[in-house]
Amino acid sequence: GTPELSAAQARRVNALMLTCGTYDAAGEFAFRIGLPCKSGVGGGIMAIVPDRLSLCVWSPALDATGNSWLGRQALELFVTKTGLSVF
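Residues numbered from 1 in each chain as written. Predicted model: local features only at pLDDT ≥ 70, side-chain atom pairs only at ≥ 80, totals over all residues. Heavy atoms only, no water.

Draft legend 1. A look at the overall build of the protein. Along the backbone of the protein there are three helices and three strands. When the helices and strands of the protein are read in sequence order from the N terminus, they spell out α-α-β-β-β-α. Taking 87 residues into account, the globule formula puts the C-alpha radius of gyration at 12 Å, and the protein, at 12 Å, falls close to it. Dimensions of the protein, computed from the C-alpha atoms along their principal axes, are close to 35 × 25 × 25 Å. Counting every position in the protein, which comprises 87 residues, the buried fraction comes to 37%. Long-range contacts, defined here as pairs at least 24 residues apart, represent 38% of the contacts in the protein between residues at least 6 apart. For the protein, the exposed area adds up to about 5,500 Å²; of that, 61% sits on carbon and sulfur atoms. (Helix = DSSP H or I, 4+ residues; strand = E, 2+ residues; numbered from the N terminus. Rg over C-alpha atoms; globule rule 2.2 N^0.38 Å. Buried < 20%, exposed > 50% of the residue type's maximum accessible area, 1.4 Å probe, protein only. Contact = heavy atoms within 4.5 Å. Areas by Shrake-Rupley, 256 points an atom, 1.4 Å probe, with all protein chains shown as cover.)

In structure tokens, the structure reads:
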């Protein structure tokens with residue numbers, strides 16, 4: 001299909017997601033997961049592997065920072081098993 005964003009726009013969106021897409025836990029997500037993520041208070045987290053894929057996880061129980069506790073664990077496991085990370 002046709003890309004919705006230019007390469008420059010995608011870079012900007014990914015940078016925003018990595019640095020502030022998971023509220024006050026953005027640094028911890030960057031360190032543990034290493035993918036641009038955006039979370040929501042409903043328990044969903046969307047993660048991007050730039051130029052490869054996007055994935056979503058969902059579990060309603062939130063941690064103290066307002067992110068899905070189990071969703072974060074699932075993303076950590078995904079990155080550990082696949083080696084897909086921007087770092």
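Draft legend 2. Here's a closer look at a nonpolar patch on the surface. Nonpolar side chains collect at one region of the surface, where Y23, V41 and L62 lie side by side and expose about 280 Å² of accessible area between them. Tracing the backbone through its elements, the reader meets L62 in the loop between β3 (53-58) and α3 (69-82). For L62, a relative accessible area of 37% translates into the label partly exposed. (Patch = residues over 30% accessible without salt bridge, like charges linked within 9 Å, V, L, I, M, F, W, Y side chains within 5 Å. Salt bridge = Lys/Arg side-chain N within 4 Å of Asp/Glu carboxyl O.)

Draft legend 3. Just the pairing of β3, in detail. With six bridges connecting them, strand β2 (residues 44-49) and β3 associate as antiparallel partners. Across the sheet, the residue bridging to I45 is V57, located in β3. Between β2 and β3, which follow one another and run antiparallel, lie three residues, and D51 among them has a positive phi close to 65 degrees. (Pairing = 2+ DSSP bridges.)

Draft legend 4. Structural detail: the sheet that holds β3. The strand order across the open sheet formed by three strands is β1-β2-β3, and the pairing between neighbours is antiparallel. Across the chains shown, the open sheet's two edge strands, defined by having one partner strand only, are β1 (37-39) and β3. For this sheet the average axis-to-axis angle between neighbouring strands, irrespective of direction, equals 15 degrees. The pairing of β1 with β2 spans three bridges and is classified as antiparallel. Bridged to S39 within β2 is I45. (Axes fitted to C-alpha atoms, helices over the stretch in contact; angles between N-to-C directions.)

Draft legend 5. The arrangement of the environment of T80 in detail. Position of T80 among the secondary structure elements: in helix α3. Here T80 falls in the exposed class, since its relative accessible area comes to 63%. Sequence spacing of T80 and A15 is 65 residues, and the spatial spacing of their C-alpha atoms is 22 Å.

Draft legend 6. Focus on the nonpolar core. With 13 residues, the main nonpolar core has F29, I33, L35, C37, I45, A47 and L75 as its most contacted residues. The leading source of residues in this core is β2, at three residues. With residues up to four places along the chain from it excluded, the contact list for I45 reads F29, C37, K38, S39, L55, C56, V57, S68, G71, R72 and L75. (Core = buried A, V, L, I, M, F, W, Y, C linked by side-chain atoms within 4.5 Å.)

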